[in-house]
Amino acid sequence: MTEVINHMERDLCECKDLVFVAAIKTYGRAGQLDEAVSLFKNLSQFNCVNWTQSYNTLVEIMVEESRLEDACRLFGEHCCGWEVSSRIRGLNLD
């Protein structure tokens with residue numbers, strides 16, 4: 001995974017957010033949450049213009065892994081920044 005990420009970083013084409021969502025999920029499943037956080041914090045180097053889904057995915061994994069303080073910190077750092085745009089998601093409470 002690291003080799004692919006490093007190649008993407010050197011490439012000049014625009015990287016889609018969904019690519020990073022998949023990478024963050026892969027790191028999360030492998031128990032490498034710190035790698036996922038590092039990747040998210042360096043997304044600006046990848047010519048990725050919208051990080052919303054990557055952000056949501058990372059926060060979701062942090063909560064699932066009971067890293068609530070880390071999730072809260074990440075939320076505080078990025079919730080109002082240019083990196084993440086707000087989206088309203090509907091919840092089905094049936």
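Data block above holds the structure.
Report on the accompanying structure. (Residues numbered from 1 in each chain as written. Predicted model: local features only at pLDDT ≥ 70, side-chain atom pairs only at ≥ 80, totals over all residues. Heavy atoms only, no water.)

**Comments concerning the overall build of the chain**
A tally of regular secondary structure across the chain gives five helices and zero strands. Taken from N to C terminus, the helices and strands of the chain fall in the order α-α-α-α-α. Counting only residues that meet the buried cut, the chain has 33% of its 94 residues in that class. When contacts within the chain are restricted to residue pairs at least 6 apart in sequence, those whose partners lie at least 24 apart make up 61%. (Helix = DSSP H or I, 4+ residues; strand = E, 2+ residues; numbered from the N terminus. Buried < 20%, exposed > 50% of the residue type's maximum accessible area, 1.4 Å probe, protein only. Contact = heavy atoms within 4.5 Å.)

**Looking at the pattern of salt bridges**
Scanning the entire structure with this criterion turns up four salt bridges. Among the ionic pairs, Arg-67 bridges to Asp-34, the shortest N-O distance being 3.1 Å. With Arg-67 in the loop between helix 4 (52-64) and helix 5 (68-78) and Asp-34 in helix 3 (residues 33-41), this pair connects stretches of sequence that are 33 residues apart. Taking the relative accessible area as the measure of exposure, Arg-67 reaches 26% and is therefore partly exposed. One salt bridge in this structure joins Asp-70 and Arg-73, with 2.8 Å as the shortest N-O distance. Of this pair, Asp-70 and Arg-73 both sit in helix 5, separated by three residues, roughly a single helical turn. What makes Arg-73 partly exposed here is its relative accessible area of 46%. Salt bridges sharing partners connect three or more residues here, namely Asp-34, Arg-67, Asp-70 and Arg-73. (Salt bridge = Lys/Arg side-chain N within 4 Å of Asp/Glu carboxyl O.)

**Concerning the packing of helix 3 against helix 4**
One way to put it is that helix 3 packs onto helix 4 with a least axis distance of 11 Å and a crossing angle of 155 degrees. Overall, the two elements helix 3 and helix 4 adopt an arrangement that is roughly antiparallel. Like other packed secondary-structure pairs, helix 3 and helix 4 cross with a definite hand, here left-handed. Contact residues: helix 3 offers Leu-33, Ala-36, Val-37 and Phe-40, while helix 4 offers Ser-54, Tyr-55, Leu-58, Ile-61 and Met-62. Grouping the constituent residues of the contact of helix 3 with helix 4 by class yields eight nonpolar, one polar and no charged. (Axes fitted to C-alpha atoms, helices over the stretch in contact; angles between N-to-C directions. Parallel < 35°, antiparallel > 145°, perpendicular 65-115°, else oblique. Left-handed = near helix turned anticlockwise from the far one by under 90°. Nonpolar A, V, L, I, M, F, W, Y, C, P; charged D, E, K, R; others polar.)

**Digging into the environment of Ala-22**
Positionally, Ala-22 belongs in helix 2 (residues 17-29). With 35 residues separating them in the primary sequence, Ala-22 and Thr-57 have C-alpha atoms 9.1 Å apart.

**Quick word on helix 5**
Residues of helix 5 that are buried: Ala-71, Leu-74 and His-78. Buried positions in helix 5, seen along its axis, are confined to an arc of 65 degrees and lie on one side of it. In this structure, helix 5 carries Leu-68, Glu-69, Cys-72 and Gly-76 as exposed residues pointing more than 90 degrees from its buried face. Contact partners of the buried residues in helix 5: helix 3 and helix 4. (Arc of directions from axis to C-beta.)

Scope: geometric values only; no functional claims are made or implied.
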